[in-house]
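Here is how the chains run, residue by residue.
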Amino acid sequence: MKTSLLDPKEVVFSGLGVSTGVAIGPAYVVETGATQVPEYTIAADAVDAECQRFTDAAAKARRQIKKLKTKALLLPEAAAEEVGFLLEAHMAMVSGSRLTRGVERRIREDLVNAESATQTEINSIAHSFQDMADAYLAARIADVREVGSRLIRNLTEHEYQAFSMLPQGVIIIAEELSPAETALLDPGIVAGFASVQGGAEGHTAIMARSLGIPAVLGVHGLLAGAHNGDQVIVDGEHGKIILNPDEMTLADYRARQGTLQQEREKLKGLRRLPSITLDGTPVALFANIELPREITTALEAGASGIGLFRTEFMFMNRDALPDEEEQYEALRTVVEGMGGRPVTVRTLDLGSDKLAEALDNRFNESDNPALGLRAVRLSQREPKLLETQLAAMLRASAHGPVRILLPLITTVSEVRWVREMMGSVVKKLKRRNVKIADPLPPLGVMIEVPGAALTADALAACSDFLAIGTNDLTQYTLAIDRGDDQVAHLYDPLHPAVLRLIQFTAQAALRARIPVSVCGEIAGDPRFTALLLGLGVHEFSMNPNKLPLVKRRIRTLDLRSASRRAQTIMDQSDSTRIGELLDEFNAAD
Ligand code: PEP
Ligand code: MG
């Protein structure tokens, strides 16, 4: 890391504070568009292992190019031929060429890592191409560079440990981090992060909150101002990034870190207290998790169970899909770990901003990925994926209470289709003499599309519980991309349309006598607690770090007055006025 040479001045940037807390540390700037090429020397006895890493990366590149060649056959004839030639050349470059031999020689002679050897070899080949008189041949350098990038990508991504080589306490500054990349951040290494792009309700933000890493997204101009090694403060609560803070600012934020730590300690005292309103109404508080290891935080927070397990994160950052056995083992760990508390496992919700390399070839480019092949729609296109997941979930249900939840449902026929498939998976498991729960796990539906909310009564009639996903429900009702910072100011779960859909859904569940929860981000925001309760929701599922805050709020509320106030709010048509009223009501308790 190099430090900027000029006398650094404090600069403050504003963005969306998406994960609270304060982090202070040195910046690590991820260069836009460039693959990070780690450079380090290796010991003489590590040479063989390093060469093997390169051999593996080249083998992976051959598999990737072969796949691309198969895809190219589907192109119109002339294009297929042209692309075919190109890929043939790429294949030759990763199969015992000057490039591969050169990289291995550099690893052996210069004692450097494979990524750095590849980069140097590519630059050297590029140099020799520069002087070629033949314009066509000179232009082939682009192909060499492309192959080099593929090899480096394979080398750096192979173990899916993005940023793992960074020093402890670093602050990552990037153009954008995907949800999959964020899931790889180790809170023991990365103290905080900031990016130019990203909205407050996208899955990158949700993942940052789950990991408890302070983060600010949508920070314009950030990359132009930041250098590696600059001292950075991430103020996740107020959405501020401070580069090169002066002594006074630093002292303020260090004090703030201390206060936040004290508050966290104080909230721990709530863990054993019941989640119950002043008038004695119990309110179930569940945890949202993305990875099995998060159950520790859920239990520490005193969660009544898992209200949403986003299983798609188990499919990310790997080359191959997890098979039934692996999924079953992961689910069993969660179910057993939760010690008899219910675990709500959602079937795959990949697509849109959540992507998995192992499934990349099943998606075509889409102009509107949030409206495209995603969640249950992907399951219908690839039934084997769902069948495997259901089998793992049913097997896990033998170890404790499991509830199965379906994402992005829009029609009753989708629910019936899954139920039928579940029936046939049950038969198959029974034939295999595999133990499953009796009665079978309840099958629930996420209400996150306006069309689903408006037909909540019909969906309630064919499902065992409803879970309102307000993140997507807000996105689709207001036509605001939840992950786009440019329209983040318009993303408003207090819009009367969203509130009416929540209320309609809650009432439909009540009439059908089935449980209903809210598991979108507002469930973890104490500002919304009284309103949701007043709208008839008595189950909340949230990031476990938020659970004590919501419990504290519940213990100050009276159900009847929450319902009266919710009604006053529902009589309003303007979301600004709704926000004001809500804050007035909250301040009065
Ligand atoms: C939601 O949409 O509110 C939800 C909980 O699902 P996700 O955030 O995973 O899309
Ligand atoms: Mg959703």
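Definitions and cut-offs
- Residues numbered from 1 in each chain as written.
- Chains lettered and ligands numbered in written order.
- Predicted model: local features only at pLDDT ≥ 70, side-chain atom pairs only at ≥ 80, totals over all residues.
- Heavy atoms only, no water.
- Phe/Tyr/Trp six-rings, centres within 6.5 Å; stacked < 30°, edge-to-face > 60°.
- Lys NZ or Arg CZ within 6 Å of the ring centre and 35° of its normal.
- Donors = N, O, S within 2.8 Å, 3.2 Å for Na, K, Ca; no water.
- Helix = DSSP H or I, 4+ residues; strand = E, 2+ residues; numbered from the N terminus.
- Buried < 20%, exposed > 50% of the residue type's maximum accessible area, 1.4 Å probe, protein only.
- Salt bridge = Lys/Arg side-chain N within 4 Å of Asp/Glu carboxyl O.
- Near = heavy atom within 4 Å.
- Polar contact = N/O pair within 3.5 Å; in protein donor to acceptor, adjacent residues only side chain to side chain.
- Areas by Shrake-Rupley, 256 points an atom, 1.4 Å probe, with all protein chains shown as cover.
- Axes fitted to C-alpha atoms, helices over the stretch in contact; angles between N-to-C directions.
- Parallel < 35°, antiparallel > 145°, perpendicular 65-115°, else oblique.
- Contact = heavy atoms within 4.5 Å.
- Pairing = 2+ DSSP bridges.
- Domains from an automatic or database assignment.
- Core = buried A, V, L, I, M, F, W, Y, C linked by side-chain atoms within 4.5 Å.

## Observations concerning the packing of aromatic side chains
Point 1. Counted under the stated rule, the structure contains 0 aromatic pairs.
Point 2. Residue placement shows Arg-395 over the ring face of Tyr-328; its charged tip is 4.0 Å from the ring centre.
Point 3. The ring of Phe-465 has Arg-403 lying over it, and the distance from NZ or CZ to the ring centre is 4.2 Å.

## Some details on the coordination of the magnesium ion (ligand 2)
Geometrically, a metal with four donors at the corners of a regular tetrahedron has ideal angles of 109.5 degrees, and one with six donors at the corners of a regular octahedron has ideal angles of 90 or 180 degrees.
Point 1. All of the protein donors around the magnesium ion (ligand 2) are Glu-448 (OE) and Asp-472 (OD); their distances to the metal are 2.1 Å. Residue Glu-448 is found in the loop between strand 13 (443–447) and helix 16 (450–454), and its partner Asp-472 is found in helix 18 (residues 470–478); the two are separated by 24 residues along the sequence.
Point 2. Given the relative accessible area of 2%, Glu-448 is considered buried.
Point 3. Taking relative accessible area as the criterion, Asp-472 reaches 2% and is therefore assigned buried.

## With respect to the pattern of salt bridges
Point 1. Under the definition given, this model contains 34 salt bridges.
Point 2. When the shortest N-O distance is used, the salt bridge between Arg-374 and Asp-472 registers 2.9 Å. Residue Arg-374 is found in the loop between strand 11 (343–346) and helix 13 (375–381), and its partner Asp-472 is found in helix 18; the two are separated by 98 residues along the sequence. Both residues of the pair, Arg-374 and Asp-472, belong to the buried class.
Point 3. Its salt-bridge partner being Lys-384, residue Glu-387 comes within 3.4 Å of it at the nearest N-O pair. Residue Glu-387 and its partner Lys-384 are both found in helix 14 (residues 383–396); the two are separated by 3 residues, about one turn of the helix.
Point 4. A single salt-bridge network, built from bridges that share partners, covers Glu-312, Arg-346, Asp-349, Lys-354, Arg-374, Asp-472 and Arg-482.

## Thoughts on the site of ligand 1
Point 1. Around ligand 1 there are 17 residues in total, and Arg-310, Arg-346, Gly-469, Asn-471 and Arg-482 lie nearest to it.
Point 2. Within the backbone of Thr-470, one N or O atom sits 3.1 Å away from an oxygen atom of ligand 1.
Point 3. At a separation of 2.7 Å, an oxygen atom of ligand 1 approaches a polar side-chain atom of Arg-482.
Point 4. Contact with the protein chains removes 100% of the 290 Å² of surface that ligand 1 exposes when unbound.

## Some remarks on the packing of helix 20 (residues 526–534) against helix 22 (residues 559–570)
Point 1. For the pair helix 20 and helix 22, the least separation of the axes is 7 Å and the interaxial angle reads 90 degrees. Compared by their axis directions, helix 20 and helix 22 come out roughly perpendicular. The segment helix 20 lies against helix 22, with Ala-530, Leu-531, Leu-533 and Gly-534 engaging Leu-559, Ala-562, Ser-563, Ala-566 and Ile-569.

## Some points on the environment of Asp-481
Point 1. Within the element layout of this structure, Asp-481 appears in the loop between helix 18 and helix 19 (496–512).
Point 2. Each C-alpha atom of the pair Asp-481 and Met-422 lies 33 Å from the other, and the pair is 59 residues apart in sequence.
Point 3. Of the polar contacts made by the side chain of Asp-481, one reaches the backbone nitrogen of Gly-483; its length is 2.8 Å.

## What to know about the sheet that holds strand 3 (residues 22–29)
Point 1. Strand order in the open sheet made by the 8 strands is 1-8-7-3-4-5-6-2, with mixed pairing throughout. Both outer strands of the open sheet, strand 1 (11–14) and strand 2 (16–19), are each paired with one neighbouring strand and no more. Pairs of neighbouring strands in the sheet enclose a mean axial angle of 30 degrees, with direction left out of account.
Point 2. One ladder, built from 5 bridges, connects strand 4 (residues 170–174) with strand 5 (residues 190–195); its direction is parallel. Looking at strand 5, one finds that Val-170 is bridged to Val-190.
Point 3. Taken strand by strand, helix 8 (residues 203–211) contacts strand 2, strand 5 and strand 6 (215–217), and its axis lies near 50 degrees from that of strand 2.

## What to know about the domain arrangement of the protein
Point 1. With domains assigned, the protein is organised as domain 1 (11–33 + 161–265), domain 2 (44–156) and domain 3 (272–588).
Point 2. When each unit is reduced to the centre of its C-alpha atoms, the spacing between domain 2 and domain 3 is 44 Å.

## Some remarks on the nonpolar core
Point 1. Ile-172, Leu-185, Phe-193, Ile-306, Leu-390, Leu-499 and Ile-502 are the most contacted members of the largest nonpolar core, which totals 124 residues.
Point 2. Taken domain by domain, the makeup of this core includes at least three residues from each of domain 1 (11–33 + 161–265) and domain 3 (272–588).
Point 3. Judged by nonpolar contacts, the second largest core, of 28 residues, contains Ile-65, Met-93, Ile-122 and Phe-129.

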